[in-house]
Amino acid sequence: MLLAWQQWPKSQLKLVFCSVGQGDATLIIWKDQQILVDGGPNNRVLDCLGRHLPFWDRELELVIASHAEADHITGLIEVVRRYEVKRFLAVNEANDTAEYRALLEAINQRGVKVKELVQGDAVLAGPVKLTWLWPEKPGRGVLGAKTSLNRFSQVILASFGEFDWLLTGDIDTKIEWQLVTSGTLPEVEVLKVAHHGSKYSSSQEFLDTVSPELAVIEVGKNSFGHPTEETLGRLEQVKAQIKRTDEAGDVVIISDGDHWRVE
Amino acid sequence: MKPVWWLLIGLVIFLIRFQTSLQATENLDRYTDKPISINGKISSQINLQGSNQSFNVGRVRVRTNLYPAYEYGDRLVISGTLQRQVINPWYSRFSLIYPGIKRVTAGNNIFIGFKNKLAVWYTRVLPEPEAGLLAGIVLGSKRGLPQDFWQALQKTGTLHIVVASGYNVTVVMGAVVFLFAGILPRLWAMVLAMIAVGAYSIMAGLEPAIVRAAIMGTLAYFGQALGKPRDGVRLLAAAAGAMLLINPLFLFDVGFQLSVMATLGILLVCPRLPRLPQGVGESLAAQLFVWPILLYNFGRMSLFGILVNSLIAPLVPYVMILGFLPWLAYVPLHLIVVIINRFG
């Protein structure tokens, strides 16, 4: 009883950047609805779900794989096996890896519906609205395509009342520039920093345009030097507060649609 | 024959076996730091750690990526550079780190299959870390334990609750005897209980602790049937001795050492303790005896481990019994998780 009361879902928005090591996993919770964007490089996303979902809730309304690289999809394999996933969104741009094959197998086995959304599409989950800014057009579904999969990352603008945040996957400055020039980028309160703070992402023009108050870097121990000095410097330029999942653990943001705060 | 002679014969066989295993190590050592290719079956439980999985193929420890997922009994062809890590003058660990792996045939053990089905059910019903903890306590499976929680268990000296051991054997035997005692003749019920313990031991990956407990449990039941008084220390000596004769290298297995010492502690100290809540006395006695091993192997032995163990000891039996009703098991599981995370 006490446990049920303690874990009862709230009507505020809860946005969680899960601490999963070197990779992304972002959880959006409103009442009993959950959206999970990416699953990280291991199974730690399961602990994150365990920490933030009530123990009886075994259903995820929406799961999104920003792009098919191991540091974003590995954790999703067990998520699909364990939870009832209502809808799965992925870019039809495949990757010839063991993780990708295992994810497809799990999706087929569990009979999960997969869809691909592109620029201009939108999804509503209660009062939470997700709008797709990228990719431009559906993927070609070519195994082992030459172009980096990062450039096919789904870029999603999410909003809950007046509170906006931007999820960027692993896009690089080239895609950022296309977004900036397309004029679809608004200012947001919270930015998920692209590609774990790589110096080939988060250009000054892009950061100036979205002008985040809080920049969250989903990062862990790695050999790439993420997050890079260059990116941290550019974030300071736009006076964004910086939170890192490797230092802070789960970064949890609560919003009532007007105000927001980091928990 | 006098016991002394049995002991001497045992010792001689052990030394011969030990010598053979040293020879085997030397044979394997010829390939250290050289590229090799081995063809063999996975002979241990699969251990998942972060973005890795590891398992044994005979004497060689293999570490590789999380996917593709391998299973006990899979036949693999593995090629990589053999690495040797010297543990002590008589014992070395051989490993292949991120080798090339080809699966020839998939393992197909019905007990392991059943265990995996049960573990999957747990993960569908419960969140982490409760699901992993339940699989650990009931099945001795460490596969699904989240890494952070694993570390918390290690820090608090409570990792033993996810090792299938004497308590699991008691419950399995007790359950079978309870179910069939009225229906079947006593002897048949006992034979069934033994088969169940054997099956359970395979499910739990035939790790030293469960093998020791299974042998001791079986001997104790037969002893009882023959009307002989139980002498726990003798049973322990018989079980440990038999295991060392079969595989002398168990001597250097930390799991084996911990299991034998903990049991010895329970047998020697418990009868001299005052009455304590369920499990607390056993826990105290075991902690006292494994202390030197933990100190030697892990360089620390936290004092509050004794406190944490005393707090969770009364909860573990409920989890074990509720293994077939995971929804109800959530409450004691969650309590254990809260206690361990608080101290870890």
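All of these numbers come straight from a predicted model, not from anything done at the bench.

Cut-offs applied
Numbers given for residues are sequential positions, taken from 1 along each chain in its written order. Key to labels: chains lettered from A, ligands numbered from 1, both in the order written. Totals for whole chains, interfaces and linings use all residues, but because this is a predicted model, local features are given only for residues with pLDDT of at least 70 and pairs of side-chain atoms are given and counted only at 80 or more. Hydrogens and waters are ignored; side-chain quantities use all the structure's heavy atoms. Residue ranges for the domains trace back to a domain assignment, done automatically or taken from a database. In this description, contact between two residues means that some pair of their heavy atoms is separated by no more than 4.5 Å. In this description, buried area is defined as the sum, over both parts, of the accessible area (probe of 1.4 Å) that is lost when the two are combined. Any carboxyl oxygen of Asp or Glu within 4 Å of a side-chain nitrogen of Lys or Arg constitutes a salt bridge here. Any pair of N or O atoms that falls within 3.5 Å is considered a polar contact. Within protein, one atom must be able to donate a hydrogen and the other to accept it, and sequence-neighbouring residues count only if both atoms are side-chain atoms. A pair of strands is treated as paired once DSSP finds two or more bridges between them. Numbered from the N terminus, helices here are DSSP runs of H or I no shorter than four residues, and strands are runs of E no shorter than two. For every element, the axis is a line fit to its C-alpha atoms; helices are fit only across the contacting stretch, and the angle between N-to-C directions ranges from 0 to 180 degrees.

**Student:** For this particular structure, what's the right way to read the domain arrangement of chain B?
**Tutor:** It is common to report an interface's size as the accessible area lost on association of the parts. Residues and elements named next belong to chain B. Each domain of chain B was delimited in the assignment, giving domain 1 (1–27), domain 2 (31–105) and domain 3 (116–343). Taken together, the contacts link six residues of domain 1 with seven residues of domain 3. Together, the buried faces of domain 1 and domain 3 total about 580 Å²; carbon and sulfur atoms form 78% of this surface. Considering only the surface of domain 1 that becomes buried against domain 3, Phe-14, Arg-17 and Phe-18 emerge as the three largest contributors, covering 72% of it. Where domain 1 packs against domain 3, one counts zero salt bridges. Where domain 1 packs against domain 3, one counts two residue pairs in polar contact (both at pLDDT 80 or more).

**Student:** Teacher, can you tell me more about the sheet that holds strand β4 (residues 60–65) of chain B here?
**Tutor:** In sheet architecture, strand pairing relies on hydrogen bonds along the backbone and comes in two forms, parallel and antiparallel. All names here are of chain B. As summarised here, the arrangement of the five strands in space is β2-β3-β4-β7-β6, forming an open sheet in which the pairing is mixed. Each having just a single partner strand, β2 (47–49) and β6 (83–88) make up the two edges of the open sheet. The sheet shows a mean angle of 25° between the axes of neighbouring strands, taken without regard to direction. Of the strand pairs in this sheet, β4 and strand β7 (residues 91–97) are connected by four bridges, and their pairing is parallel. Across the sheet, residue Val-60 finds its bridge partner in β7, namely Phe-94. Together, β4, β6 and β7 form the strand contacts of helix α1 (residues 3–29), whose direction differs from that of β7 by roughly 35°.

**Student:** What is the right way to look at the side chain of Ser-283 of chain B in this model?
**Tutor:** Summarising the element assignment, Ser-283 of chain B is placed in helix α10 (residues 280–298). Contacts of Ser-283 of chain B, omitting those with residues within four sequence positions, involve Asn-309, Ser-310 and Ala-313 of chain B.

**Student:** Got a minute to help me understand the sheet that holds strand β9 (residues 122–125) of chain A in this structure?
**Tutor:** All names here are of chain A. Within the open sheet, the seven strands sit side by side as β9-β10-β11-β12-β13-β14-β15. Their pairing is mixed. Every interior strand has two partners, whereas the edge strands, β9 and β15 (241–244), have only one. Each neighbouring strand pair of the sheet contributes to a mean axis angle of 20°, computed without reference to strand direction. Looking at chain direction, strand β14 (residues 214–217) and β15 are connected through four bridges and run parallel. Paired with Ile-217 across the bridge in β15 is Arg-244.

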